[in-house]
Amino acid sequence: MQNKAQILFIKVGKVTTTKLENQKRKELISGIKKYPVQKAYLKRTGFLEDEQADLNHHGGENKALFLFASSSYEKINKQCKTNYKIDEVSHFGENVVLSNINEDDICIGDVYKIGETIIQITQPRQPCWKLSANTNKKEMTKFIFESGLTGWYAKVIKEGVIRKNDMFELIQRVEEKLNISILNKLIVNPSIDIVLAKKAIESKYLGKAFQNSLNKRVQAKEKDTQFEVYHT
């Protein structure tokens, strides 16, 4: 596993309203459109200059920062035959784009130093319909969910400034078996390793939203319909 990376891009944005055509919903009200900046101040609930529209599902202390791998951008472009640029508006709502690290390398509970700040990883991103709306690609949410190219959230232990080109360095690892890739596979199908799924549910480091979804998945099995709501 890689335990060090560089901050390629920092992105922040305000809540905007976008009219949607030929879709289930008429408009997208969201802070998903974020733009590159040279630096930003990270507080307990996220970047000072950043906004979220749906505070029930986005933002808050356990989802203060959303990080994304540059290699995941490349994989999405290759597999979806798209040409999303990492140096422009955020196509997936990311706050930070990282070099040299991905979902395989990051575990929940990991503590990282990033610029002046210290953060702790909480959970994978749970893709919702807004990804499809923002990218204008109907199957994007389903693809992100099934591929596991989700990115991940973190909470803030120490506030401060993060600058482009700062290093992202691992300080402590506490759940080495529960990386983001594994959790993304378990949320699709917990039966691949039910013991590990239950370990994840019981972990004090896993974000409450993901924990609830995974628990529901384990309990309801094939009768679980929660993602029919999230994804469409």
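As a reminder, the structure under discussion sits directly above these lines.
Residues numbered from 1 in each chain as written. Predicted model: local features only at pLDDT ≥ 70, side-chain atom pairs only at ≥ 80, totals over all residues. Heavy atoms only, no water.

Visitor: Just checking my understanding: could you explain the overall build of the chain for this structure?
Guide: If you tally the helices and strands in the chain, you get seven helices and 13 strands. Over its C-alpha atoms the chain spans a radius of gyration of 17 Å, differing by no more than 12% from the 17 Å that the globule rule assigns to 232 residues. A principal-axis box enclosing the C-alpha atoms of the chain has dimensions of 45 × 45 × 30 Å. Pairs at least 24 residues apart make up 75% of the contacts formed inside the chain by residues separated by at least 6 positions. Of the roughly 11500 Å² of accessible surface on the chain, a fraction of 48% belongs to carbon and sulfur atoms. Side-chain charges of the chain comprise 38 positive and 28 negative groups, with the mean position of each set lying 2 Å from the other. (Helix = DSSP H or I, 4+ residues; strand = E, 2+ residues; numbered from the N terminus. Rg over C-alpha atoms; globule rule 2.2 N^0.38 Å. Contact = heavy atoms within 4.5 Å. Areas by Shrake-Rupley, 256 points an atom, 1.4 Å probe, with all protein chains shown as cover. Lys, Arg positive; Asp, Glu negative; His and termini not counted. Charge placed at Lys NZ, Arg CZ, Asp CG, Glu CD.)

Visitor: Would you mind showing me how to read the nonpolar core here?
Guide: Residues Phe47, Leu67, Leu98, Ile119, Trp152 and Phe168 are the most contacted members of the largest nonpolar core, which totals 40 residues. Non-local contacts of Leu67, meaning those with residues more than four positions away in its chain, are made with Val96, Leu98, Ile114, Ile119, Gly151, Trp152, Ala154 and Phe168. With 19 residues, the next largest nonpolar core counts Tyr84, Cys128, Ala133 and Phe143 among its residues. (Core = buried A, V, L, I, M, F, W, Y, C linked by side-chain atoms within 4.5 Å. Buried < 20%, exposed > 50% of the residue type's maximum accessible area, 1.4 Å probe, protein only.)

Visitor: Help me understand the pattern of salt bridges, please; the structure alone is not making it clear to me.
Guide: If charged atoms from side chains of opposite charge come close, those side chains can pair. In total, this model carries eight salt bridges according to the counting rule given. Residues Glu169 and Lys4 are paired through a salt bridge, measuring 3.7 Å at the closest nitrogen-oxygen approach. Of this pair, Glu169 sits in strand β13 (residues 167-172) while Lys4 sits in strand β1 (residues 4-12), placing them 165 residues apart in sequence. In this structure Lys4 comes out as partly exposed when scored by relative accessible area, which is 41%. (Salt bridge = Lys/Arg side-chain N within 4 Å of Asp/Glu carboxyl O.)

Visitor: Could you clarify how one ought to interpret the environment of Phe168 in this entry?
Guide: Turning to its location among the elements, Phe168 is positioned in strand β13. Classification of Phe168 by relative accessible area gives buried; the value is 0%. Residues Phe168 and Ser99 lie 69 residues apart in sequence; the distance between their C-alpha atoms is 9.3 Å. Not counting the four nearest positions on each side in its chain, Phe168 is found in contact with Asn3, Lys4, Ala5, Ile7, Leu67, Leu98, Ile101, Ile106, Tyr112, Lys113, Ile114 and Ile119.

Visitor: Honestly, the sheet that holds strand β6 (residues 46-47) in this entry has me stumped. Any pointers?
Guide: Whenever strands of a sheet pair, they do so through backbone hydrogen bonds, lying parallel or antiparallel. With antiparallel pairing, the three strands of this open sheet are ordered in space as β6-β5-β12. Strands at the two margins of the open sheet, each flanked by one partner only, are β6 and β12 (160-163). (Pairing = 2+ DSSP bridges.)

Visitor: Is there a simple way to think about the environment of Met167 in this case?
Guide: With respect to the element layout, Met167 can be found in strand β13. Relative accessible area serves as the criterion here: at 33%, Met167 is assigned to the partly exposed category. When the C-alpha positions of Met167 and Gln6 are compared, they lie 4.6 Å apart, and in sequence the two are 161 residues distant. Contact partners of Met167, with chain neighbours within four places excluded, come to Lys4, Ala5, Gln6, Lys113, Ile114 and Gly115.

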